[in-house]
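Given next are the chains, with one letter for each unit.
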Amino acid sequence: KKKISLFKDIYILYSLLMSDKTSIVTILHGEKEFIPLIIENYKNFNDEDIELVIVDDGKENLTGEFSEIKNCLYLHLSDTEIKEFLQKIEDGYKQPNKSMLYYEKKKNTLPKGFKRDYGCGMSSNEMIFHMNADCIYNKKSIERKLNFMKRTGAECIYCDTTLCYDIYNKELYKTESPMKLYESTLFHTREFWKRKGFQWSDTEYEGKYFHYNNGVDRKMDNYYDTIQLLSIHNI
């Protein structure tokens, strides 16, 4: 029975890794200035098996900005929904110090961990890629990540290094994450996400706690596929 169960698990993992259908999850807080970049990245991937899921808790509903984009699901969370979710997060936060949510409550925004988890739950494909709104992606980055996963048998991959471009000083340089992972490079299977998910109360570095001790994860060194644009909007 143990052998049958092992073969079954291996078959399920193999089937997932052979599926090229990918959902792209992008989180926003009403940053309209990044919308052209999101759309350009998505179009550059140019794949019928890709869908785009956007979770936005900004003040303005930006549905019209994405209405003509194929396979795109734009989810705008209203003020009422944000307040209700923040209360659920605070009630479920086990540690006595809840001050970490103070900033989010003042700005009426949700933690990044919650929005990523919400986006994964609303996606429909077996592979999930976290595309940050303020990054430029190589058009073959998803293809490369899929090939790397199939080659290594990993369920979750990420990069700890990426490129940054200072738009004011016109400078491109390499940078390493203090948490050894950039969420803008995170790519994983749906089953990997289902086991633990993102912690709803994580306001930053949510990727570290998501992938740690949750299955087969691998670091990938193709940092050159992602360039974060540094500007007044995100610095």
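Cut-offs applied
Residues numbered from 1 in each chain as written. Predicted model: local features only at pLDDT ≥ 70, side-chain atom pairs only at ≥ 80, totals over all residues. Heavy atoms only, no water. Helix = DSSP H or I, 4+ residues; strand = E, 2+ residues; numbered from the N terminus. Contact = heavy atoms within 4.5 Å. 1 Å grid on protein atoms, 1.4 Å probe; cavity = no way out; pocket = protein on both sides within 12 Å on 5 of 7 lines; lining within 4 Å. Points joined across faces, edges and corners; volume = space filled by probe spheres on them. Nonpolar A, V, L, I, M, F, W, Y, C, P; charged D, E, K, R; others polar. Salt bridge = Lys/Arg side-chain N within 4 Å of Asp/Glu carboxyl O. Buried < 20%, exposed > 50% of the residue type's maximum accessible area, 1.4 Å probe, protein only. Core = buried A, V, L, I, M, F, W, Y, C linked by side-chain atoms within 4.5 Å. Expected span 1.5 Å × (residues − 1). Arc of directions from axis to C-beta. Pairing = 2+ DSSP bridges. Axes fitted to C-alpha atoms, helices over the stretch in contact; angles between N-to-C directions. Phe/Tyr/Trp six-rings, centres within 6.5 Å; stacked < 30°, edge-to-face > 60°. Lys NZ or Arg CZ within 6 Å of the ring centre and 35° of its normal.

Caption draft 1: Region of interest: the environment of Glu104. Residue position: Glu104 is located in helix H4 (residues 102–107). In this structure the C-alpha to C-alpha distance between Glu104 and Leu86, which are 18 residues apart in sequence, comes to 8.3 Å. Once residues lying within four places of it in the same chain are set aside, the contact partners of Glu104 are Leu86, Thr109, Leu110, Pro111 and Thr203.

Caption draft 2: Looking closely at the layout of surface pockets. Volume-wise, the largest pocket comes out at about 1200 Å³. Lining the largest pocket are 38 residues, with Lys112, Asn132, Asp134, Gln228 and Asn234 positioned closest to its centre. Contributions of two or more residues to the lining of the largest pocket are made by strand S1 (22–28), H4, helix H5 (112–122), strand S7 (161–166), strand S8 (171–176) and strand S11 (226–230). The volume enclosed by the second largest pocket comes to roughly 190 Å³. When the residues that make up the lining of the second largest pocket are grouped by side-chain class, the tally is 4 nonpolar, 2 polar and 4 charged.

Caption draft 3: Region of the structure containing the pattern of salt bridges. Applying the stated criterion across every chain yields a total of 10 salt bridges. In this structure, the salt-bridge partner of Lys180 is Glu176, at a minimum N-O distance of 2.7 Å. In this structure Glu176 comes out as partly exposed when scored by relative accessible area, which is 44%. Of the charged contacts in the structure, one is a salt bridge between Glu191 and Lys194, with a shortest N-O distance of 3.7 Å. Of this pair, Glu191 and Lys194 both sit in helix H7 (residues 190–196), 3 residues apart, roughly one helical turn.

Caption draft 4: Structural detail: the nonpolar core. Core analysis: the largest hydrophobic core is formed by 30 residues, its most contacted members being Ile24 and Phe66. Put simply, the parts of the chain that give this core at least two residues each are S1, helix H2 (35–45), strand S2 (50–56), strand S4 (127–130), strand S5 (135–137) and helix H6 (141–152). Tallying contributions element by element places H2 first for this core, with 5 residues. Not counting the four nearest positions on each side in its chain, Phe66 is found in contact with Ile35, Ile38, Ile39, Ile54, Cys72 and Tyr74.

Caption draft 5: Representation of unusual backbone geometry within the structure. Its identity is not glycine, yet Tyr205 carries a phi of approximately 55°, on the positive side. We note that Asn213 has phi near 55°; this positive angle belongs to a residue other than glycine.

Caption draft 6: Up close: H6. Between the first and last C-alpha of H6 there are 16 Å, a value that for 12 residues agrees with the 16 Å anticipated at 1.5 Å per step. Turning to H6, its buried residues are Ser141, Ile142, Lys145, Leu146, Phe148 and Met149. The buried residues of H6 occupy one face: seen down the axis, they fall within an arc of 165°. Of the residues one or two after H6, Gly153 is the one with positive phi, at around 75°.

Caption draft 7: Representation of the sheet that holds strand S3 (residues 72–76) within the structure. Pairing within the open sheet is mixed, and its 7 strands lie in the order S3-S2-S1-S4-S9-S6-S10. Sheet topology places S3 and strand S10 (217–219) at the edges, where each strand pairs with a single neighbour. Neighbour to neighbour, the strand axes of the sheet diverge by 15° on average, direction disregarded. With 4 bridges connecting them, S1 and S4 associate as parallel partners. Following the sheet pairing, Ile24 is matched in S4 by Phe129. The strands touched by H6 within the sheet are S1, S2, S4, strand S6 (156–158), strand S9 (187–189) and S10, with S9 carrying the most contacts at an inclination of about 50°.

Caption draft 8: Region of interest: the environment of Trp193. Its location among the elements puts Trp193 in helix H7. With relative accessibility at 14%, the residue Trp193 sits in the buried group. Taking C-alpha positions, Trp193 is 7.7 Å from Cys120, a pair spaced 73 residues apart along the chain. The residues contacting Trp193, other than those within four sequence positions of it, are Asp117, Cys120, Gly121, His188, Phe198 and Phe210.

Caption draft 9: Main features of the packing of aromatic side chains. The final tally for this structure, using the stated rule, is 11 aromatic pairs. Measuring from ring centre to ring centre gives 5.4 Å for Phe66 and Tyr74, while their planes differ by 20°; the resulting arrangement is stacked. Assigned by exposure class, Phe66 and Tyr74 land together as buried. Taking 4.7 Å as the distance between ring centres and 45° as the angle between the ring planes, the aromatic pair formed by Phe85 and Phe114 counts as tilted. One end of the pair, Phe85, is in helix H3 (residues 79–92); the other, Phe114, is in helix H5, with 29 residues separating them in the sequence. Across this residue pair, the class does not change: Phe85 and Phe114 are buried. Through pairs of rings, three or more aromatic residues link up here, namely Phe45, Phe129, Tyr137 and Phe187. Looking at Lys174, its charged tip hangs above the ring of Tyr223, at a distance of 4.9 Å from the centre.

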